[in-house]
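Structural overview for review
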Amino acid sequence: MTRTVVEARNLTVSRGQTPVLSDISFEVQEGEVFALLGGNGAGKSTSLLTFLGLLEPTSGEALVFGKSVQNDIASVRGKIAYLPEAATLYPHLSAYENVDYFLSLAGIGRSRADVEEVFDRVSLQQEARDQHMERYSKGMRQKTAIALALLRETPILFLDEPTSGLDPVAIDEFNRLVTNLAKAGTTIVMVTHDVYGACQVAHKIALLRRGTLVGSFEAKNGERIDTETVHAAFAERAVA
Ligand SMILES: Nc1ncnc2c1ncn2[C@@H]1O[C@H](COP(=O)(O)OP(=O)(O)O)[C@@H](O)[C@H]1O
Ligand SMILES: [Mg+2]
């Protein structure tokens, strides 16, 4: 049995006077990794913000577990953890202090053992955990931000350009983590401009071009979505 966890239904969103998303529809099933792929300014971040209830659709609906985000934000809020494009953690605090601080702001209590377990899962080096984050590499900062999202223990994760600026080793670690989370039942919606990265992890890819969905791709028989096919579609649309 599959169940739809995240759904855009003829979603149209404007920022200022300009429509930024036009009549987009997609469905994400439980335990799926869904990637919304598109170039700069395509409307990727806008779509995530709409699902978080931070932007209002002009028409259509953003649905989470079948409930309209706009009508029922209270029931949706606890279901989604969000990794923003530029995650802001405090450089003068350690990873432990950052997660404790942000979890307490959200009214969430987690034990040190829970935090250690999640830091282990994201492979944040043991010896770095109590150092100020100003000494961290981009990859280590991203691991801490992902750990913070995981510590919220929500069934859905929204990730905005999660691998941008990471080196290939960090990207491989991230891909493994996402794959394992999805296998354990977490539903993952990520937005990215990285064709290769999307094909590495996503069960479904929707291609977004200037606010309109122009293609969709699905992994078949447990295989990966073909990078060349998606790249060709992305590039073709970009010059059209
Ligand atoms: N705060 C804002 N106010 C008005 N327009 C915005 C704002 N943020 C983004 N936009 C516009 O919305 C469009 C989509 O932006 P965005 O969703 O951030 O794209 P992406 O994440 O795909 O790069 C762009 O044309 C951008 O200029
Ligand atoms: Mg963006």
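Here goes a summary of the coordinates provided. (Residues numbered from 1 in each chain as written. Chains lettered and ligands numbered in written order. Predicted model: local features only at pLDDT ≥ 70, side-chain atom pairs only at ≥ 80, totals over all residues. Heavy atoms only, no water.)

**Thoughts on the site of ligand 1**
Worth spelling out the cut-off: In this text, near means that some heavy atom of the residue lies within 4 Å of the molecule or strand in question. Two N or O atoms count as a polar contact when they lie within 3.5 Å, although within protein this holds only if one can serve as hydrogen donor and the other as acceptor, and sequence-adjacent residues are included solely when both atoms are side-chain atoms. The Shrake-Rupley method, run with a 1.4 Å probe, gives the accessible areas here. Residue values count only the displayed protein chains as cover.
Inspection of the region around ligand 1 gives Arg15, Val20, Gly39, Asn40, Gly41, Ala42, Gly43, Lys44, Ser45 and Thr46 as its neighbouring residues. Note that an oxygen atom of ligand 1 is positioned 2.8 Å from one of the backbone N or O atoms of lysine 44. In the environment of ligand 1, an oxygen atom lies 2.9 Å from a nitrogen or oxygen atom belonging to the backbone of serine 45. Here ligand 1, which alone exposes 560 Å², has 55% of that area covered by the protein.

**Brief notes about the layout of surface pockets**
For the record, the criterion: A 1.4 Å probe that fits but cannot get out identifies a cavity on a 1 Å grid over protein atoms alone, an open set with protein on both sides within 12 Å along at least five of seven lines counts as a pocket, and a residue lines either if it has an atom within 4 Å of a point. Grid points are joined across faces, edges and corners, and a volume is the space filled by probe spheres set on the points. Helix and strand assignments come from DSSP, with helices taken as H or I runs of at least 4 residues and strands as E runs of at least 2, each series counted from the N terminus. Residue classes follow a fixed rule: Ala, Val, Leu, Ile, Met, Phe, Trp, Tyr, Cys and Pro count as nonpolar, while Asp, Glu, Lys and Arg count as charged, and any other residue, Gly among them, counts as polar. The source of the domain bounds is an automatic or database domain assignment.
Space inside the largest pocket adds up to approximately 630 Å³. The wall of the largest pocket is formed by 24 residues, among which Ile80, Ala81, Tyr82, Pro84 and Arg152 lie closest to the centre. Contributing elements (two or more residues each) for the lining of the largest pocket: α2 (73-77), β6 (80-83), α3 (95-105) and α5 (138-151). It is β6 that provides the largest number of residues to the lining of the largest pocket, a total of four residues. Residue classes in the lining of the largest pocket are distributed as 19 nonpolar, three polar and two charged. There are two domains that each give the lining of the largest pocket at least three residues, and those are domain 1 (1-79 + 159-240) and domain 2 (85-153). Approximately 220 Å³ is the volume attributed to the second largest pocket. Lining the second largest pocket are 15 residues, with Thr179, Gln200, Val201, Ala202 and His203 sitting closest to its centre. Split into classes, the residues belonging to the lining of the second largest pocket amount to seven nonpolar, five polar and three charged.

**Examining the packing of α3 against α5**
When two helices pack together, their arrangement is given by the angle between the helix axes and by the axis-to-axis distance. Threshold: To define axes, lines are fitted to C-alpha atoms, for helices over the stretch in contact only, and angles between the resulting N-to-C directions are given on a 0 to 180 degree scale. The sense of a crossing depends on the near helix, which, turned anticlockwise from the far helix by less than a right angle, makes the crossing left-handed and, turned clockwise, makes it right-handed. By definition, residues are in contact when any of their heavy atoms lie within 4.5 Å.
Taken N-terminus to C-terminus, the directions of α3 and α5 make an angle of 35 degrees; their axes are 10 Å apart at the nearest point. Like other packed secondary-structure pairs, α3 and α5 cross with a definite hand, here right-handed. On α5, the residues that touch Ala95, Val99, Phe102 and Leu103 of α3 are Thr144, Leu148 and Leu151. Its residues assigned to classes, the contact of α3 with α5 shows six nonpolar, one polar and no charged.

**Considering the sheet that holds β6**
Rules: Think of it this way: DSSP has to see at least two bridges between two strands before they count as a pair.
Reading across the sheet, the six strands line up as β6-β7-β8-β3-β9-β10 and stay open at both edges, with mixed pairing between neighbours. Edge positions in the sheet fall to β6 and β10 (212-218), since each of these pairs with one other strand and no more. Across the sheet, the axes of successive neighbouring strands diverge by a mean angle of 15 degrees, strand direction being ignored. Across five bridges, strand β7 (residues 156-160) lies against strand β8 (residues 187-192) in parallel orientation. Within the sheet, the bridge partner assigned to leucine 157 lies in β8 and is isoleucine 188.

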